[in-house]
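Reading the structure
In case you want the letters, here they are:
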Amino acid sequence: MKAILIEKPGDESCMKLGETAPPALTPGSVRIRNVACGVNRADLLQRQGFYPPPAGASPILGLECAGRIAEAAADVTSFRAGERVIALLPGGGYAEESVVDAGSVLRLPDALDFETGAGAIETLLTVFLNVFQLGGLPSGGTVLVHGGGSGIGTTTIDLVKRAGGRVVATVGSDEKARRCRELGADAVANYRSEDWVEVAKQATGGRGVDVVLDSIGGSYLDGNLRALAEDGRLVLIGLMGGAKAELPLGALLSRRLSVIGSTLRTRSPSAKAAIVTAFQARFGADFAAGRIRPVIHRVFPLAEAPEAHRMLKASTHFGKVVLRVRDDER
Ligand SMILES: NC(=O)c1ccc[n+]([C@@H]2O[C@H](COP(=O)([O-])OP(=O)(O)OC[C@H]3O[C@@H](n4cnc5c(N)ncnc54)[C@H](OP(=O)(O)O)[C@@H]3O)[C@@H](O)[C@H]2O)c1
């Protein structure tokens, strides 16, 4: 099969379209004939050698795909060959075929084409897990999300507004701020010109937010804790702003704050299946009807993976970037 291969980790040019053996079908898994795959920030780190795949996962980049079931293992009864699906992958999306545990697969709603579906599942499950399950967002509660124009940010706005919550987003440009408001964000701060802690406080009548979904880390720790309401939860999912900071324990103690670290990729197949089931129970009807859908910024052919990575690195995108793996299916 064709796939994006990396001989030696490095800059964007280390990714080359090549031929490799398709992955073997294992018990409990399905083989997906990929039509498109999503590009995620984590792919940039893995390409550079900083984010190795979990043990047993494909070394090929790619954490999500959309396509058709090619075959299912004998013990899988939930999917049949030919069905349109999307899947959360521990790796292996930038390829013509992926093999994944059946519990990480969802039917692709009729309302979504393959390219849109390919950009959906990684951010939907990440936001669901971290804002609703670990963050415990109360009904009508407020989330502060950094990188409002990212895949994660746009999905947070979509999902939280659908659930009746409120969203404060931070972004690096006025154009992204406008787009976030258009998507439904209740307040947006351009972190280059505004004090986002103040914006979060104002948006909540001085109370602070219930959950912070943070992909920045070190440089934002102090502000994140100040932006939280009493009993608030900071859920850390990325370290774009550094891995070290001083934790003011007094604030944690006196305001009963929680700091939670979380990754989706390293969880076991059964843990991922449980997240998928819980997501379906809460948002499945909205997703199936196309009321929840990712914002797709641009679709590149698979061979142009280097261009897609350059776009993410420059942060000129709004929403998701997707790679089209094959052209014989729309
Ligand atoms: N732990 C998990 O399970 C998990 C799962 C999925 C994603 N993540 C993490 O979530 C984050 C977002 O992922 P993604 O794929 O949605 O990313 P993405 O689309 O590439 O977007 C990242 C955004 O972050 C903003 N940004 C970058 N550096 C920044 C900084 N130093 N300060 C403030 N904003 C900054 C940029 O927007 P501006 O132009 O506005 O600066 C950029 O658009 C990444 O850190 C990723 O690793 C974690």
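Sequence order as written defines the numbering, with residues in each chain counted from 1. In keeping with the model being predicted, local features are shown solely for residues with a pLDDT of at least 70 and side-chain atom pairs are shown and tallied solely at 80 or more, while totals for entire chains, interfaces and linings include all residues.

Some remarks on the domain arrangement of the protein
Which entries qualify depends on this criterion: Domain start and stop points were drawn from an automatic or database domain assignment. Two residues form a contact once the distance between their C-beta atoms, set from the backbone, is within 7 Å. Secondary structure follows DSSP: runs of H or I at least 4 residues long count as helices, runs of E at least 2 residues long count as strands, and numbering of each begins at the N terminus.
You can read the domains of the protein as domain 1 (2-120 + 265-324) and domain 2 (123-261). Centre-to-centre separation of domain 1 and domain 2, based on C-alpha positions: 26 Å. Across the contact, 18 residues belong to domain 1 and 16 residues belong to domain 2. The element that contributes the greatest number of residues to the side of domain 1 that touches domain 2 is helix α9 (residues 269-288), accounting for six residues.

So, the site of the ligand
Let me state the cut-off plainly: Whether a residue is near a molecule or strand depends on its C-beta atom, placed from the backbone, lying within 6 Å of it. Residues are sorted three ways: Asp, Glu, Lys and Arg are charged, Ala, Val, Leu, Ile, Met, Phe, Trp, Tyr, Cys and Pro are nonpolar, and all the rest, Gly among them, are polar.
Around the ligand sit 27 residues in total, of which Gly147, Ser150, Gly151, Gly172 and Gly238 are the nearest. By residue class, the composition of the shell around the ligand is nine nonpolar, 15 polar and three charged.

Quick notes on the environment of His297
Tracing the backbone shows His297 in strand β14 (residues 296-301). Here the alpha-carbon distance between His297 and Leu112, two residues 185 residues apart in the chain, equals 15 Å. Discounting chain neighbours no more than four positions away, the residues touching His297 are His317, Phe318, Gly319, Lys320 and Val321.

Here's the deal with the environment of Ile237
Its location among the elements puts Ile237 in the loop between β12 (228-236) and α8 (249-255). Between the C-alpha atom of Ile237 and that of Pro52, which follows or precedes it by 185 residues, the distance is 16 Å. Not counting residues within four places of it along the chain, the set of residues in contact with Ile237 comprises Thr126, Asn130, Leu213, Asp214, Ser215 and Ser262.

Examining the sheet that holds strand β8 (residues 142-146)
We count it as follows: Between any two strands, at least two bridges found by DSSP are needed for them to pair. Working convention: axes come from line fits to C-alpha atoms, limited for helices to the stretch in contact. Angles between N-to-C directions cover 0 to 180 degrees.
Spatial ordering of the open sheet is given by β10-β9-β8-β11-β12-β13, a layout of six strands whose pairing is parallel. Of all the strands in the sheet, just β10 (187-190) and β13 (258-261) have a single pairing partner and so form its edges. Looking at each pair of strands side by side, their axes are set apart by 15° on average, direction ignored. Both β8 and strand β9 (residues 166-171) contribute to a ladder of five bridges, which runs parallel. Opposite Val145, over in β9, you have Ala169 as the bridge partner. Together, β8, β11 (209-214), β12 and β13 form the strand contacts of helix α3 (residues 121-134), whose direction differs from that of β11 by roughly 155°. Packing against the sheet, helix α4 (residues 151-162) makes contact with β8, β9 and β11, and its axis sits at approximately 170° to β9.

Examining unusual backbone geometry
For clarity, the threshold we go by: Each residue is classified by how many other C-beta atoms fall within 10 Å of its C-beta atom, where C-beta atoms are placed from the backbone; a count of 20 or more means buried, 12 or fewer means exposed, and values in between mean partly exposed.
Non-glycine residue Arg256 carries a positive phi angle of around 55°. In this structure, Arg256 sits in the loop between α8 and β13. Taking the number of C-beta atoms within 10 Å as the measure of exposure, Arg256 has 12 and is therefore exposed. Positive phi values are uncommon outside glycine, yet Ser315 reaches one of about 55°.

Concerning the pairing of β14
Defined as follows: Crossover handedness is defined here as right-handed if the route from the first strand over the helix to the second strand goes clockwise, with the strands pointing away from the viewer.
Pairing of β14 with strand β15 (residues 320-324) involves five bridges; the strand directions are parallel. Bridge pairing links Pro301 to Arg324 in β15. In this fold, the crossover linking β14 to β15 by way of helix α10 (residues 305-314) has right-handed handedness.

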